[in-house]
Amino acid sequence: MQESDRATVEPAHDKAPGVGADAPTGSLLGYSAGLLFALLLTGASFFVAQSHWIWGPGVPVGLAVLAIAQMGVHLVFFLHLSTGADNTNNVLALAFGLLIVTLVVSGSLWIMAHLNANMIPASAIMEMH
Amino acid sequence: MTRAPLTDLPMTEIPANAVTATGRGGGGPAPVRIVVAYGFWIFLLSDIIMFSALFAAYAVLSGETAGGPTARELFDVRHAGIETLCLLFSSYACGIGALSIERRRMGAFYACCAATFILGATFLALEVSEFAGMIARGAGPSRSAFLSAFFSLVGLHGVHVTIGLLWLVFMVAQVAAQGRKEFVLRRLHCFSLFWHALDIIWIALLTLVYLIGAR
């Protein structure tokens with residue numbers, strides 16, 4: 001863009017570019033909907049954990065699904081993460097953060113489970129002496 | 001920033017999404033508010049990654065009780081439920097507070113900040129009483145690897161809540177002293193991001209430690 005064009009795009013004012021943009025961050029309806037969803041999901045989590053409606057070994061999976069859903073609700077309704085253009089960088093950073101978190105948690109669990117499985121039992125070590 | 005009408009530009013230089021797409025390079029530099037929130041979001045993600053290491057440690061060590069009390073004996077799910085409600089409503093109050101100051105309703109803003117603080121402090125008091133009760137029962141952090149992991153994970157979240165409460169007090173004082181200035185609003189925005197992110201960590205904590213652990 002040439003200098004002459006720039007002058008027509010940004011009229012002279014005494015603020016740096018980008019200062020003073022007053023974009024609303026949310027609405028009462030948004031926060032209330034978020035709270036409602038969060039309460040419903042929390043209630044569902046407690047119900048799943050304490051009742052016998054779900055097959056026992058499946059309960060942790062159900063709880064994980066509900067927890068992830070609730071994190072999504074918090075991200076969208078409280079942290080205002082969206083698909084909007086101003087949010088592209090935030091979403092990409094979140095994706096990278098999720099990758100690292102997944103690697104750290106699942107990697108630790110995987111490695112430690114293998115170490116546990118391959119460990120010589122303490123009684124066997126005693127017999128070796 | 002009020003943008004000049006784009007019709008002054010030669011047509012070839014206007015991206016299709018120029019009006020809204022500051023994040024994609026069109027329509028001039030992104031508003032400072034967006035840039036600051038992005039930087040703070042990066043910090044929050046790094047914080048979440050730090051928590052993920054402690055979550056991994058807890059998940060690995062949750063069975064290593066060394067003959068001591070187990071999760072099922074120690075945790076009270078109803079207690080954790082009340083703590084969750086405190087945090088959820090505190091977050092909601094924080095959000096309504098952010099809306100109020102945007103709309104220049106200062107009375108509502110201070111009331112929401114007070115509610116945010118009281119609910120957060122209630123959460124913290126419940127957590128401290130839980131910790132004190134466990135230590136009194138001989139289930140302190142030095143009892144077993146499971147309890148060391150538990151106290152570092154839940155304790156770190158508690159430390160974050162404490163820092164958040166202090167930050168809230170500073171922000172209210174700043175609003176009272178400086179008014180609705182641009183930098184004050186940006187800091188408030190960062191605070192509300194921090195406070196909401198603590199909720200996300202608590203959801204993971206509640207599910208892994210209390211709901212799955214106490215079954």
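Right above here is the structure, for reference.
This report concerns the structure included in the present document. Computed from a prediction, not measured in an experiment: that's the story for all the values here. (Residues numbered from 1 in each chain as written. Chains lettered and ligands numbered in written order. Predicted model: local features only at pLDDT ≥ 70, side-chain atom pairs only at ≥ 80, totals over all residues. Heavy atoms only, no water.)

**Structural notes on the layout of surface pockets**
- The computed volume of the largest pocket comes to approximately 830 Å³.
- Around the largest pocket sit 28 residues that line it, and Ile68(A), Met71(A), Val101(A), Val105(A) and Ala204(B) are the ones nearest its centre.
- Mapped onto the lining of the largest pocket, the elements with two or more residues apiece are helix H3 (59-78) and helix H4 (88-118) of chain A together with helix H1 (32-61) and helix H6 (182-212) of chain B.
- For the lining of the largest pocket, the leading source of residues is H4(A), giving eight residues.
- Classifying every residue of the lining of the largest pocket by side-chain character gives 22 nonpolar, six polar and no charged. (1 Å grid on protein atoms, 1.4 Å probe; cavity = no way out; pocket = protein on both sides within 12 Å on 5 of 7 lines; lining within 4 Å. Points joined across faces, edges and corners; volume = space filled by probe spheres on them. Helix = DSSP H or I, 4+ residues; strand = E, 2+ residues; numbered from the N terminus. Nonpolar A, V, L, I, M, F, W, Y, C, P; charged D, E, K, R; others polar.)

**Digging into empty space enclosed by the protein**
All names here are of chain B.
- Considering all chains together, one arrives at one cavity of 30 Å³ or more under this definition.
- If you trace the largest cavity, you find 24 residues lining it, with Ala98, Ile101, Leu188, His189 and Ser192 closest to the centre.
- At the level of secondary structure, the elements contributing two or more residues to the lining of the largest cavity comprise helix H3 (77-102), helix H4 (106-136) and H6.
- Per-element accounting of the lining of the largest cavity gives the leading share, seven residues, to H6.

**Section: the packing of H4(B) against helix H5 (residues 145-178) of chain B**
All names here are of chain B.
- Viewed as axis vectors pointing N to C, H4 and H5 meet at an angle of 155°, and their least axial separation amounts to 10 Å. Accordingly, the angle class assigned to the pair H4 and H5 is roughly antiparallel. Once H4 is placed against H5, the crossing between them reads as left-handed.
- Of the residues in the contact of H4 with H5, the class split is 22 nonpolar, six polar and two charged. (Axes fitted to C-alpha atoms, helices over the stretch in contact; angles between N-to-C directions. Parallel < 35°, antiparallel > 145°, perpendicular 65-115°, else oblique. Left-handed = near helix turned anticlockwise from the far one by under 90°.)

**A word on H3(B)**
- Helix length check: H3(B) (26 residues) gives 38 Å between terminal C-alpha atoms against 38 Å at 1.5 Å per residue, within 8%.
- Positive backbone phi, approximately 60°, marks Arg104(B), located one or two places after H3(B). (Expected span 1.5 Å × (residues − 1).)

**Quick look at the pattern of salt bridges**
Residue and element names in this part refer to chain B.
- Enumeration according to the criterion identifies one salt bridge over all chains in this entry.
- The salt bridge involving Glu102 is made with Arg33; its shortest N-O contact spans 3.7 Å. Here Arg33 lies in helix H1 and Glu102 lies in helix H3, a separation of 69 residues in the sequence.
- A relative accessible area of 15% places Arg33 in the buried class. (Salt bridge = Lys/Arg side-chain N within 4 Å of Asp/Glu carboxyl O. Buried < 20%, exposed > 50% of the residue type's maximum accessible area, 1.4 Å probe, protein only.)

**Looking at the packing of aromatic side chains**
All names here are of chain B.
- Counted under the stated rule, the structure contains 19 aromatic pairs over all chains.
- Between Phe75 and Tyr210, the ring centres sit 5.1 Å apart and the planes meet at 55°, which makes this aromatic pair tilted. Remark: Tyr210 occurs in helix H6 and Phe75 occurs in the loop between helix H2 (71-74) and H3; sequence separation between them is 135 residues.
- Using a relative accessible area of 6% as the deciding quantity, one classes Phe75 as buried.
- Judged by its relative accessible area of 1%, Tyr210 is buried. (Phe/Tyr/Trp six-rings, centres within 6.5 Å; stacked < 30°, edge-to-face > 60°.)

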